Structure formats: C-alpha cells, structure tokens
Amino acid sequence: MGRAIAAALAALAALAALPGCTVQPPEGEGKRRSPVHIELPDGTPSPARTPTGDGSPSTADDPPDDDKPRAAPPAPARVLWSRGSTGRDVRELQARLRQVAWLFEGPTGTYGEQTERAVSGFQGKRGLPRTGRMDTVTWQRLLRMTREPGRWDLYLMGGQPADPPDPRCTRGRVLCIDKTSRTLRWMIDGRTVSTVAVRFGSSGTPTREGVFSVYWKSRDHVSTLYDSPMPYAMFFSGGQAVHYSADFAARGYAGASHGCVNVRDEAAIAELYAQVRDGDKVVVSW
C-alpha cells in the first residue's frame, strides 16, 4: 500500500511540473477539472474577431462606426483647355504635343480640331479617358514627357508680337524689319499699317542690316542663283529682297533663307506688294 501511495504522489508532482499547466482546485461537489483545458468543436464556427481601438475583441457582425473618417473619392480631373481656347498656354500645349509627334501643325495658339484629335490620341495611348480636352491629369503626364518650349518653339509658324519699331522707322514710308522679334512692320509716318512674321538668312548667308530702299519689284521672280521662286519680290540690297516663301509657310523657323527676308503669309505679302513703291525705305535692325 505504501508503494501505491508513493507512486500516486509522484504522478501528481509530474503533472504539476508541466509548463503552462496548473492543478485546478476542486470545483463544486468536490469534482476536479483537468489541468489542461481542451475545447472541442461543436460544429458552429465562432465569429471572426478583430481587435478594437480599446484592445477588446470585436466581431465582424459589429455595426459600423459612423463617426470614423472615410477617404474621400478622388476629385475628377479639371479641364484646363478645350476646343475654342486661345492664348499662350495653348501654344505651349501644342508645342509639347509636337515634341511627342502627336501634332504636326502650328503652334497656332488656338485649340482647334487638330489639337483636339492630338490630345485624344495622346490620352488613349496612355489609358486615360479620350475626351480630347486637356485636363490636369493629362497635362501632368505630358509635362513629364516633354521639355519647356523655347520662344521659337512657341512661334514656330509665326504669330509672335512685334517689338517696338526702330526710331529710323518713324518717318515716311518704311518696311521696318526687326531681326529680334522676326517681324516686318509696314509703316507710314510712324503708324503701323500691317505686321507680318518674317524669316532671315542663315549664319552662312546672313540678311544684311542697315538702311536701304526698294529699288526693284518683281511679281513672279525666280532666283537665277538658286533656281527657286521668289513671288512678290521687293529688292532692297543686291540680290536680297522681301518675298513670299513656300518653304517658310511649310517649315516655319525650322529653315532659313539665303539672305532674303521671307514672308509665309501669301495673302499678306500680296497686299503689301500692292502698296509698296520703288524708293520706299527699308530698315533692317536687331
């Protein structure tokens, strides 16, 4: 009997030594509980529980907290320019679209059909809504892909404002030609009658500067030196003349003349040719 009691005491001591387990005190009516609590599944899943802000568990079925802030939906992209818009910003848009080969005309400074189609194509290529309108999201994407346009990118095909006229242009009948702003003013007694964009010679064949006069007009002139047409030519210095240039009309300032003063607006130079007389002054200046 002594050996049996000693064995029972040893077994109880071994159970008490198990990590994480304790001997439970008697529970009602002298019943004893197992030192290890095991919960058997009863076929009903317990609700998922997640911690709440105060550390207590919360079930998935808890009602939502209406006081919690919710993320606002993204605001729709704001339209910056669309068909009919005009101005310097539209010129920049068109110049940037030219850089990525989505537009080949202008810049004109007017948001027309060609610009709308170019914007729509650019948007579709990048998975943006094809609205044809330049919005803030499309504009940011275009900015990342292009560089800041220079002045003559913005006015590649003309349209730039003229600088103030040279003081030598303020008296008499004068073709006042400014190399800085690349413009020609037709002036009579200090009043500007008309202004057109012009192009000059390259560094190898520069347009001469100074005060000259028109000494010969030739409506359908063809250059004997370069075998190229020079319509509405008004010669003022050697073989240099003011005349219409189809190349300037097509390429803008991407090209240059052989020293002449090119005009790209044929209607404008036709009107100018009709008004200018032999002997009228020509001033070419920076």
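To start, this report covers the structure provided alongside it.

The rules behind each value
- Residues numbered from 1 in each chain as written.
- Predicted model: local features only at pLDDT ≥ 70, side-chain atom pairs only at ≥ 80, totals over all residues.
- Heavy atoms only, no water.
- Helix = DSSP H or I, 4+ residues; strand = E, 2+ residues; numbered from the N terminus.
- Buried < 20%, exposed > 50% of the residue type's maximum accessible area, 1.4 Å probe, protein only.
- Contact = heavy atoms within 4.5 Å.
- Pairing = 2+ DSSP bridges.
- Axes fitted to C-alpha atoms, helices over the stretch in contact; angles between N-to-C directions.
- Parallel < 35°, antiparallel > 145°, perpendicular 65-115°, else oblique.
- Left-handed = near helix turned anticlockwise from the far one by under 90°.
- Nonpolar A, V, L, I, M, F, W, Y, C, P; charged D, E, K, R; others polar.
- Arc of directions from axis to C-beta.
- Polar contact = N/O pair within 3.5 Å; in protein donor to acceptor, adjacent residues only side chain to side chain.
- Expected span 1.5 Å × (residues − 1).

### Considering the side chain of S120
The topology assignment puts S120 in helix α3 (residues 113-125). Overall, S120 belongs to the buried group, its relative accessible area being 15%. Sequence-distant contacts of S120, that is, excluding residues within four places in its chain, are made with R130 and G132.

### Let's talk about the pairing of strand β6 (residues 183-188)
Of all six residues making up β6, five are buried, and the element is well covered by its neighbours. Of the pairings in the sheet, the one linking strand β5 (residues 173-178) to β6 comprises six bridges and is antiparallel in character. Residue I177 lies in a different strand from β6, and its bridge partner there is L184. Linking β5 back to β6 in an antiparallel pair, the connection comprises four residues, with R182 at a positive phi of about 55°. Pairing between β6 and strand β7 (residues 191-199): six bridges, direction antiparallel. Its bridge partner lying in β7, W186 is registered against S194. Counting the residues in the hairpin turn of β6 and β7 gives two residues, including D189, whose phi is positive at 50°.

### Points about the packing of helix α2 (residues 88-99) against helix α4 (residues 136-145)
Packing of α2 against α4 brings their axes to within 10 Å, and their N-to-C directions diverge by 55°. It follows from the interaxial angle that α2 and α4 lie oblique. Between α2 and α4 lies a crossing of left-handed hand. Contact residues: α2 offers E92, L93, R96 and L97, while α4 offers W139, L142 and L143. Looking at the contact of α2 with α4 residue by residue, the class counts come to five nonpolar, no polar and two charged.

### Structural notes on α4
Buried within α4 we find T138, W139 and L142. Looking down the long axis of α4, one finds its buried residues gathered within 100° of arc, a one-sided arrangement. In the core, the buried residues of α4 are packed alongside β3 (79-81), α2, α3 and β4 (134-135). Two or three places before V137, at the start of α4, stands the capping residue D135, its side-chain oxygen 3.1 Å from that residue's backbone nitrogen.

### A few points about unusual backbone geometry
A cis amide bond links G106 with the next residue in sequence, P107, at an omega value of 5°. Considering the arrangement of structural elements, one finds P107 in the loop between α2 and α3. Residue R182 is not a glycine yet carries a positive backbone phi of 55°. With respect to the helices, strands and loops of the structure, R182 is situated in the loop between β5 and β6.

### Observations concerning α3
Between its first and last C-alpha atoms α3 spans 18 Å; for 13 residues at 1.5 Å apiece the expected length is 18 Å, and the two agree. Taken together, the buried positions of α3 are T115, A118, V119, S120, G121, F122 and Q123. On the buried face of α3, the contacting elements are α2, β4 and α4.

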